[in-house]
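# Summary of the model geometry
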Amino acid sequence: MTGKTDIVWHNHKIDLVQRELNQAHKGCVLWFTGLSGSGKSTLADALEQHFYHYSQTHSPIRTYLLDGDNLRHGLCADLGFSEEDRHENIRRVGEVAKLMVDAGLIVLTAFISPYRQDRQQIRDSFSQGRFVEIFVDTPLDVCESRDPKGLYQKARRGEITQFSGIDSPYEAPLYPELHLDGTRSLSELTQQIIDFLNKNKFYELD
């Protein structure tokens, strides 16, 4: 049986540097975090649409949006919502995001990712400037009033358990690159992210 000591990372002739030379932007992950109903998936989707339309008249921006529910249909279909499974879910997402960033993509991830330690471990796996944490800070009562999937109602009735913000913790980021007020309009929040990316010369290669 082959052990981990027999597994060696294979370095290919084409690497991130060469891949980025074919485009006008750096590969990175934009990590959206916040409570269920905070608006992170909607915001990530709006930002990807902006990138798409920008590409029609400017240099192409290559993106992919990883959404929590979508990955639980496949890659993470075997995981539940226990603390251990949540850790593993985010670990897998981080590994997928790393591969996509190595391909030169801008990866947008929309996950509650409730634990600071998990988010920090993923941050630490990226080089400086490749991980951008975006905290969509929306009050719990606003998230509950939106409740697009009816999950808060089920959690309050005890029909589902280990729900972040109700009977399971959500550890808000302490020092995110972007701290957004989730009660603001979608267009305003999208523009705040675009302004941040422009300020940090996101569309320029060193």
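Residues numbered from 1 in each chain as written. Predicted model: local features only at pLDDT ≥ 70, side-chain atom pairs only at ≥ 80, totals over all residues. Heavy atoms only, no water.

The protein is annotated in an unreviewed UniProt entry as Adenylyl-sulfate kinase from Proteus myxofaciens ATCC 19692. The Sequence similarities (unreviewed entry) field of the UniProt record for the protein holds the comment "Belongs to the APS kinase family." Of the protein, the UniProt comment under Catalytic activity (unreviewed entry) reads exactly: "adenosine 5'-phosphosulfate + ATP = 3'-phosphoadenylyl sulfate + ADP + H(+)". (UniProt positions renumbered as here; feature names shortened; annotations may be inferred.)

## Focus: the sheet that holds strand 3 (residues 106-110)
The strand order 2-3-1-4-5 describes an open sheet built from five strands, whose pairing is parallel. If you trace the sheet from one side to the other, it starts and ends with strand 2 (63-67) and strand 5 (178-181), each paired once. Between one strand axis and the next, the sheet turns through 20 degrees on average, direction left out of account. In this structure, strand 2 lies alongside strand 3, joined through five bridges in parallel fashion. Residue pairing for strand 3: Thr 63 is matched across the bridge by Ile 106. Running at roughly 160 degrees to strand 3, helix 2 (residues 40-57) makes contact with strand 1 (28-33), strand 2, strand 3, strand 4 (131-137) and strand 5 of the sheet. Along the sheet, helix 4 (residues 83-102) makes contact with strand 1, strand 2 and strand 3, crossing strand 1 at roughly 150 degrees. (Pairing = 2+ DSSP bridges. Helix = DSSP H or I, 4+ residues; strand = E, 2+ residues; numbered from the N terminus. Axes fitted to C-alpha atoms, helices over the stretch in contact; angles between N-to-C directions. Contact = heavy atoms within 4.5 Å.)

## Description of the packing of helix 2 against helix 8 (residues 186-199)
Running from amino to carboxyl end, helix 2 crosses helix 8 at an angle of 60 degrees, the nearest separation of the two axes being 10 Å. Here helix 2 is positioned oblique relative to helix 8, judged by the angle of their axes. Crossing angle aside, the handedness with which helix 2 passes helix 8 is right-handed. Here helix 2 contributes Thr 42, Leu 43, Ala 46, Leu 47, His 50 and Phe 51 to the contact with helix 8, which in turn contributes Leu 186, Leu 189, Thr 190, Ile 193, Ile 194 and Leu 197. Each residue belonging to the contact of helix 2 with helix 8 can be placed in one class, and the counts come to nine nonpolar, three polar and no charged. (Parallel < 35°, antiparallel > 145°, perpendicular 65-115°, else oblique. Left-handed = near helix turned anticlockwise from the far one by under 90°. Nonpolar A, V, L, I, M, F, W, Y, C, P; charged D, E, K, R; others polar.)

## Brief notes about the UniProt feature "binding site: ATP" (unreviewed entry) in the protein
According to UniProt, the feature "binding site: ATP" (unreviewed entry) maps to Gly 34, Leu 35, Ser 36, Gly 37, Ser 38, Gly 39, Lys 40 and Ser 41 in the numbering used here. Cross-referencing the annotated residues with the lining of the largest pocket gives Leu 35, Ser 36, Gly 37, Ser 38, Gly 39, Lys 40 and Ser 41. Looking at the element boundaries, Gly 39 is found in the loop between strand 1 and helix 2. Under the relative-accessibility criterion, Gly 39 is labelled partly exposed at 26%. When residues no more than four places from it in sequence are discounted, the contact partners of Gly 39 are Val 136 and Arg 146. Mapped onto the secondary structure, Ser 41 falls in helix 2. (1 Å grid on protein atoms, 1.4 Å probe; cavity = no way out; pocket = protein on both sides within 12 Å on 5 of 7 lines; lining within 4 Å. Buried < 20%, exposed > 50% of the residue type's maximum accessible area, 1.4 Å probe, protein only.)

## Here we look at unusual backbone geometry
Despite not being glycine, Ser 113 shows a phi value in the positive range, around 40 degrees. Structurally, the position occupied by Ser 113 is in the loop between strand 3 and helix 5 (116-124). With a relative accessible area of 2%, Ser 113 lands in the buried category. Despite not being glycine, Gln 162 shows a phi value in the positive range, around 55 degrees. Secondary-structure assignment places Gln 162 in the loop between helix 7 (151-156) and strand 5.

## As for the UniProt feature "active site" (unreviewed entry) in the protein
Within this numbering scheme, the UniProt entry marks Ser 113 as carrying the feature "active site" (unreviewed entry). Excluding residues that lie within four positions of it along the chain, Ser 113 makes contacts with Trp 31, Thr 33, Ile 90, Arg 119 and Tyr 170.

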